[in-house]
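# Structure assessment
Each chain is listed here by its residues.
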Amino acid sequence: LRLRPDPGLETYVDEAIGIVRAATAAGMPVVISFTVETDGRLPSGQSLADAIEQVDRETDGATAYFMINCAHPTHFVDVLDGPGPWHRIRGIRANASTMSHAELDNAEELDDGDPEDLAQRYVHIGTQLPDLAVLGGCCGTDHRHIASIADAWFARG
């Protein structure tokens with residue numbers, strides 16, 4: 001099992017499976033949050049759908065639910081239009097920036113994007129993922145983004 005500096009941000013299926021197995025053995029509930037690149041795929045190149053399906057298959061569906069993190073919605077929203085186990089995704093922690101991970105790593109300043117635009121993207125994702133329950137932020141987000149997301153989410157009717 002390869003541990004990352006920020007536990008809970010799984011980027012590879014093998015580490016997600018290891019975490020699920022360890023949590024299950026300890027009698028703990030577990031949520032897996034995958035990081036995706038600008039093409040909506042895991043850094044390994046595996047599709048998000050395949051990753052979720054593989055984790056569920058190899059752990060007997062022990063994961064309570066899945067999340068997507070550390071990517072701007074433009075990086076993965078199109079993926080959600082295709083077939084996949086999207087009912088298993090119940091949380092999003094999106095980046096404020098549309099930059100790739102490599103661009104963010106090399107940036108002189110953190111790109112904080114547009115809080116209102118990000119909030120509207122969450123509302124759209126909510127139409128694709130009706131069971132979405134955990135909304136948060138990752139790189140570049142702050143209280144402005146979270147407030148905008150909450151306001152837009154509760155105003156959607």
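None of the values given here were measured: they were computed from a predicted structure. (Residues numbered from 1 in each chain as written. Predicted model: local features only at pLDDT ≥ 70, side-chain atom pairs only at ≥ 80, totals over all residues. Heavy atoms only, no water.)

### Digging into the pattern of salt bridges
We count it as follows: What makes a salt bridge here is a side-chain nitrogen of Lys or Arg within 4 Å of a carboxyl oxygen of Asp or Glu, nothing more. Secondary structure elements are defined from DSSP: runs of H or I of at least 4 residues count as helices, runs of E of at least 2 residues count as strands, and each element is numbered from the N terminus. Relative accessible area decides the class of each residue, using a 1.4 Å probe on protein chains only: under 20% of the type maximum gives buried, over 50% gives exposed, and in between gives partly exposed.
Applying the stated criterion across every chain yields a total of four salt bridges. In this structure, the salt-bridge partner of Arg88 is Asp56, at a minimum N-O distance of 2.9 Å. Pair noted here: Arg88 is in the loop between strand E3 (65-69) and strand E4 (89-94) and Asp56 is in helix H2 (residues 48-58), with a separation of 32 residues, a long-range link. The class of Asp56 is buried, set by a relative accessible area of 17%. In this structure, Asp142 engages Arg144 in a salt bridge whose closest nitrogen and oxygen atoms are separated by 2.9 Å. Asp142 gets classed as partly exposed once you look at its relative accessible area, which sits at 29%. Taken together, the shared-partner salt bridges in this structure form one network comprising Asp112, Asp142 and Arg144.

### Side note on the packing of aromatic side chains
Put simply, the rule reads: A pair of aromatic rings is counted whenever rings of Phe, Tyr or Trp (Trp by its six-membered ring) have centres within 6.5 Å, and the orientation is called stacked for planes under 30 degrees apart, edge-to-face for over 60 and tilted otherwise. Distance and angle both matter: a charge sits over a ring if NZ of Lys or CZ of Arg is within 6 Å of the ring centre and within 35 degrees of the ring normal.
On inspection of all chains with the given rule, the structure shows one aromatic pair. Taking the centre distance of 6.1 Å and the plane angle of 10° together, the rings of Phe34 and Phe66 count as stacked. On the criterion of sequence distance, the pair formed by Phe34 in strand E2 (residues 31-35) and Phe66 in strand E3 is long-range, its members being 32 residues apart. Its relative accessible area of 0% is what places Phe34 among the buried residues. The class for Phe66 is buried, based on a relative accessible area of 0%. In this structure, Arg156 packs its charged tip against the face of Trp153, placed 3.6 Å from the ring centre.

### Quick word on the packing of helix H4 (residues 115-128) against helix H5 (residues 143-155)
In a pair of packed helices, the angle between the axes and the distance between the axes together describe the arrangement. This is how the line gets drawn: An axis is simply a line fitted to the C-alpha atoms; with a helix, the fit covers only the stretch in contact. Between two such axes, the angle follows the N-to-C directions and lies from 0 to 180 degrees. Any angle that falls under 35 degrees is termed roughly parallel, while one over 145 is termed roughly antiparallel, one within 65 to 115 roughly perpendicular, and all others oblique. The sense of a crossing depends on the near helix, which, turned anticlockwise from the far helix by less than a right angle, makes the crossing left-handed and, turned clockwise, makes it right-handed. For this analysis, residues touch if any pair of their heavy atoms sits within 4.5 Å. Polarity classes work like this: nonpolar for Ala, Val, Leu, Ile, Met, Phe, Trp, Tyr, Cys and Pro, charged for Asp, Glu, Lys and Arg, and polar for all others, with Gly in that last group.
For the pair H4 and H5, the least separation of the axes is 8 Å and the interaxial angle reads 40°. One element, H4, and the other, H5, form an angle in the oblique class. Between H4 and H5 lies a crossing of right-handed hand. Contact with H4, carried on its side by Pro115, Glu116, Leu118, Ala119, Gln120, Tyr122, Val123 and Gly126, involves Arg144, His145, Ser148, Ile149, Ala152 and Trp153 of H5 and no other residues of that element. The residue makeup of the contact of H4 with H5, split by class, is eight nonpolar, four polar and two charged.

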